[in-house]
Amino acid sequence: MIESLDSAKGQPQNDVKRVAFHTLGCKLNFSETSTIARDLLDRGFSRVDFSDVADLYVINTCSVTREADRKCRKAIRQAVRRSPDAFVAVTGCYAQLKPDEIARMPGVDLVLGVEEKLDLPGHLNSLRKKPTAEIYGCETRDIESFQPASSMGDRTRSFLKVQDGCDYTCSYCTIPLARGRSRSDSIESTVRSAGRIAENGVKEIVLSGVNVGDFGRNNGDTFLDLIKELDTIENLERIRISSIEPNLLSNVIIEFVANSRRFVPHFHIPLQSGSNKILGLMRRRYTKELYSQRVKMIKTLMPGSCIGADVMVGFPGETWNDFLNSFRFLKNLDVSYLHVFTYSERDMTDAIELSGSVPQRERIRRSRRLRLLSKEKRTIFYNHHVGQSAIVLFESYRNGILSGWTDNYVRTHVRGPRSLQGFLAQVRLMSNEGEYVEGELLN
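None of these values were measured; they are calculated from a predicted model.

Visitor: I'd like to hear about the packing of helix α6 (residues 187-199) against helix α7 (residues 223-230), residue by residue, with values.
Guide: In helix packing, the relevant descriptors are the interaxial angle and the interaxial distance, both defined with respect to the helix axes. For the pair α6 and α7, interaxial distance at closest approach is 10 Å and the crossing angle is 35°. You can see that α6 and α7 cross each other, and the crossing is right-handed. Contacts between α6 and α7 involve Ile187, Thr190, Val191 and Ala194 on the former and, on the latter, Asp225, Leu226, Glu229 and Leu230. The residue inventory of the contact of α6 with α7, partitioned by class, reads five nonpolar, one polar and two charged.

Take a look at the structure:
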């Protein structure tokens, strides 16, 4: 019961307050939303869907593109329209970068920057609507602390925040401005957090962060040191690395994963462009040759591994020949799927000052071509595994169908009992159905 929070009339209420969450963006945001949610539930709130009427709406925002900003504003308007008297709190990267812009939106009561995000419950002395939104934040250059977070209770896998912030200065990116400098917790604390997650029955942990390979920069540890310790945790079946920069994915790390007990053969490695010219304009810290070397080593040590790549199209100065060179590089590269992003001009970045702007229509055209290539890549990858057996972690059940993932990230559907949801089982991969592989349970 939430007796400490006043109603719109200022009277103590004994009814349970309903809270709804909407999260945009990366896995890191999801882990932080989950941490906020657990704190509020411990204080007596009842969680409802974002589409339901609620007393409190918490919107955790992203600002990686203009489209992300637009989705954030849309979510705010939806909440206000659904429950005009509800308290609306907005946090996340968009809230850090443009708090005044969000505060001016009708119905917003509270705007929290990245340092205050996980202390949201402490700002809720009342759910009374405010005449003007209150803003709490600080300059990202003043942020030094690391705030642990993880998702639990809402997924078969848990996203564990192991790192935050970024010291890179990629010319198109606002994330360092939104999240501050690279920082992380100690190895001991991170391993304890992972151990607690495993004790709760979670089968898989996904290591999440802005730049996870930069783990330990602020305290003398390394990412390799971390994963060695995490690999010793009992009662944990799988550990997955969410994304890691190619210049930080050393040969030693690849070799360790190949021989580890718990780390799965799945890597997501941002590429952004297969043109060294464009990589230079982006201020990325590697060449396409280094990227290719990383992929070849992974496939040599783990032939069945899954490799995903982030790719950006339409960056200023990207000519048609630059795009074709990037396309051909990717076509010949042994990766399994692509996450394709269309370049979006962002305030406060150096890229916005570059010449050679690519027309929006052309950006869309190039994105479509790469998405088709991604579909071809995934088809080849899935076909390669048809006829093999694999261990699948089942995450959902609907109408007699279990859905889950193999360790190397093949989405699998199997007809079976609901009792297998949340558990691992041996499966024969039978046929590629496009978005997933149809399988059958093995005794």
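Back to the text.
Visitor: Lay out the environment of Arg262 in plain terms, naming residues and giving numbers.
Guide: Looking at the element boundaries, Arg262 is found in the loop between α8 (251-259) and β12 (266-268). The class for Arg262 is buried, based on a relative accessible area of 11%. Residues Arg262 and Asp231 lie 31 residues apart in sequence; the distance between their C-alpha atoms is 5.8 Å. Beyond its immediate stretch of four places on either side in the chain, Arg262 contacts Leu230, Asp231, Thr232, Ile233, Glu234, Leu236, Glu237, Arg238 and Ile239.

Visitor: Give me the packing of helix α11 (residues 320-332) against helix α12 (residues 360-385): which residues, what numbers.
Guide: Between α11 and α12, the least distance of the axes is 11 Å, while the angle of their chain directions is 10°. The angle between the axes of α11 and α12 places the two elements in the roughly parallel class. Contacts between α11 and α12 pair Trp320, Phe323, Leu324, Phe327, Leu330, Lys331 and Asn332 from the former with Glu362, Arg365, Arg366, Arg369, Leu370, Leu373, Glu376 and Lys377 from the latter.

Visitor: I'd love a proper account of empty space enclosed by the protein, names of residues and values included.
Guide: Scanning the entire structure with this criterion turns up three cavities of 30 Å³ or more. When its volume is computed, the largest cavity comes out at roughly 60 Å³. Glu32, Val114, Glu115, Lys117, Leu118, Ser145, Phe146, Gln147, Lys161, Asp164, Arg179 and Arg183 are the residues that line the largest cavity. Among the residues making up the lining of the largest cavity, the classes are represented as three nonpolar, two polar and seven charged.

Visitor: Could you give an account of the packing of aromatic side chains, with specific residues and numbers?
Guide: The geometry of an aromatic ring pair is captured by the separation of the ring centres together with the interplanar angle, meaning the angle of the planes. In total, this model carries ten aromatic pairs according to the counting rule given. Judged by centre distance (5.5 Å) and plane angle (80°), the rings of Phe50 and Tyr57 are edge-to-face. Here Phe50 matches Tyr57 in class, with each residue buried. Taken together, the aromatic side chains of Tyr172, Phe315 and Tyr343 make up a single cluster linked through ring pairs. The ring centre of Phe146 lies 5.2 Å from the NZ or CZ of Lys161, which sits over that ring. Positioned above the aromatic ring of Trp320 is the side chain of Arg365, whose terminal nitrogen or guanidinium carbon lies 4.4 Å from the ring centre.

Cut-offs used in this document
Residues numbered from 1 in each chain as written. Predicted model: local features only at pLDDT ≥ 70, side-chain atom pairs only at ≥ 80, totals over all residues. Heavy atoms only, no water. Axes fitted to C-alpha atoms, helices over the stretch in contact; angles between N-to-C directions. Helix = DSSP H or I, 4+ residues; strand = E, 2+ residues; numbered from the N terminus. Left-handed = near helix turned anticlockwise from the far one by under 90°. Contact = heavy atoms within 4.5 Å. Nonpolar A, V, L, I, M, F, W, Y, C, P; charged D, E, K, R; others polar. Buried < 20%, exposed > 50% of the residue type's maximum accessible area, 1.4 Å probe, protein only. Parallel < 35°, antiparallel > 145°, perpendicular 65-115°, else oblique. 1 Å grid on protein atoms, 1.4 Å probe; cavity = no way out; pocket = protein on both sides within 12 Å on 5 of 7 lines; lining within 4 Å. Points joined across faces, edges and corners; volume = space filled by probe spheres on them. Phe/Tyr/Trp six-rings, centres within 6.5 Å; stacked < 30°, edge-to-face > 60°. Lys NZ or Arg CZ within 6 Å of the ring centre and 35° of its normal.

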